[in-house]
Amino acid sequence: MYETYETIVQLLTASNLPFTIHEHIPSYTFADAEAYLDFPLERLLKTIAFRIKSGGYILAAVRGPDRIDYRKLAAACGTKRTEIFRLTPEEVAHTFNVEVGSVSPILLQDGVRILFDIKVPTRETVFCGIGRPDRTLEIQLADLIQITQGQTVPLTSDMA
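A quick note: this is a predicted structure, and the numbers were derived from the prediction, not measured.

Caption draft 1: Region of the structure containing the pairing of strand 7 (residues 135–140). Buried residues dominate strand 7, accounting for five of its six residues. Bridge count between strand 6 (residues 125–128) and strand 7: four bridges; the pairing is antiparallel. Across the sheet, residue Val 126 finds its bridge partner in strand 7, namely Ile 139.

Caption draft 2: Fine view of the environment of Ile 118. Tracing the sequence through the fold places Ile 118 in the loop between strand 5 (112–117) and strand 6. Between the alpha carbons of Ile 118 and Val 62 there is a distance of 8.4 Å; along the sequence they are 56 residues apart. Once residues lying within four places of it in the same chain are set aside, the contact partners of Ile 118 are Thr 152, Val 153 and Pro 154.

Caption draft 3: Representation of the sheet that holds strand 8 (residues 151–153). The five strands are arranged 4-2-3-5-8 in an open sheet whose pairing can be described as mixed. Of all strands in the sheet, those bounded by a partner on one side alone are strand 4 (84–86) and strand 8. Across the sheet, the mean angle separating the axes of adjacent strands is 35 degrees when strand polarity is ignored. Along the sheet face, helix 4 (residues 89–96) touches strand 2 (45–52), strand 3 (57–63), strand 4 and strand 5 and points at about 115 degrees away from the line of strand 3.

Caption draft 4: Seen up close, the side chain of Arg 132. On the secondary structure map, Arg 132 appears in the loop between strand 6 and strand 7. A residue is classified by how much of its surface remains accessible, and Arg 132, at 14% relative accessible area, is buried. For Arg 132, the side chain forms a polar contact with the side chain of Asp 134, separated by 2.9 Å. Apart from residues no more than four positions distant in its own chain, Arg 132 is found in contact with Tyr 2, Tyr 5 and Ser 102.

Caption draft 5: Quick peek at the nonpolar core. Judged by nonpolar contacts, the single largest core of 28 residues is most densely connected at Leu 12, Leu 45, Leu 59, Phe 96, Leu 137 and Leu 144. When contributions to this core are tallied by element, the ones reaching two or more residues are helix 1 (3–15), strand 2, strand 3, helix 4, strand 5, strand 6, strand 7 and helix 5 (141–148). Leu 45 has contacts with Ala 61, Val 62, Arg 63, Gly 64, Phe 116, Val 120, Val 126, Phe 127, Cys 128 and Leu 144, leaving out every residue within four places of it along the chain. Membership of the second largest hydrophobic core comes to 15 residues, among which are Ile 52, Leu 73, Ile 84 and Val 153.

Caption draft 6: Region of the structure containing the sheet that holds strand 1 (residues 19–23). Pairing is antiparallel across the open sheet formed by three strands, whose spatial order is 1-7-6. The open sheet has two edge strands, strand 1 and strand 6, and neither has a second partner. The mean inter-strand angle of the sheet, taken between neighbouring strand axes irrespective of direction, is 25 degrees. Relative to the sheet, helix 1 contacts strand 1 and strand 7, its axis offset from that of strand 1 by approximately 150 degrees. Packing against the sheet, helix 5 makes contact with strand 6 and strand 7, and its axis sits at approximately 100 degrees to strand 7.

Caption draft 7: Examining the environment of Ser 15 more closely. Looking at where Ser 15 falls in the secondary structure, it is placed in helix 1. Between the C-alpha atoms of Ser 15 and Ile 118, which are 103 residues apart in sequence, the distance is 24 Å.

Caption draft 8: Just the pattern of salt bridges, in detail. Considering all chains together, one arrives at six salt bridges under this definition. Between Arg 135 and Glu 23 there is a salt bridge, with its nearest N and O atoms 3.9 Å apart. Pair noted here: Arg 135 is in strand 7 and Glu 23 is in strand 1, with a separation of 112 residues, a long-range link. You can call Arg 135 buried: its relative accessible area is 14%. Notably, a salt bridge pairs Asp 134 with Arg 135, separated by 3.0 Å at the nearest N-O pair. The buried category is assigned to Asp 134, whose relative accessible area is 15%.

The rules we used
- Residues numbered from 1 in each chain as written.
- Predicted model: local features only at pLDDT ≥ 70, side-chain atom pairs only at ≥ 80, totals over all residues.
- Heavy atoms only, no water.
- Buried < 20%, exposed > 50% of the residue type's maximum accessible area, 1.4 Å probe, protein only.
- Helix = DSSP H or I, 4+ residues; strand = E, 2+ residues; numbered from the N terminus.
- Pairing = 2+ DSSP bridges.
- Contact = heavy atoms within 4.5 Å.
- Axes fitted to C-alpha atoms, helices over the stretch in contact; angles between N-to-C directions.
- Polar contact = N/O pair within 3.5 Å; in protein donor to acceptor, adjacent residues only side chain to side chain.
- Core = buried A, V, L, I, M, F, W, Y, C linked by side-chain atoms within 4.5 Å.
- Salt bridge = Lys/Arg side-chain N within 4 Å of Asp/Glu carboxyl O.

Next up, the structure:
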């Protein structure tokens, strides 16, 4: 059931990058994390999955309380807002083999663009999904960008 998690752990281990995996009760939303987990909320990332109409996927990682600005997301991907669709929980499970709430920016599939919002903290570790709702990855953002080959771009509203 947690094949994606096991694969991500193997990749992280082979990378020799420093990381920590935290075990906890299952958490599916930012509200769950805020209520039940002890992670610093300003460093907790949520990863949201999108499909591009013309093909391919986007994983957008933003701070937990932030909301994605779809126009900025589209601009970062060189497409129009009307071409980007958020995946349903069923589509997330089918496409990425993980439950909603455990999507990781570290996914090992072709055709997936990984984006991190510019507001994500860069000086301390961040906390994000790792393919299981009862585990959280702690890692430096620079290392996360390196292992995902992701980009840092503006993704959230200026008001967030």
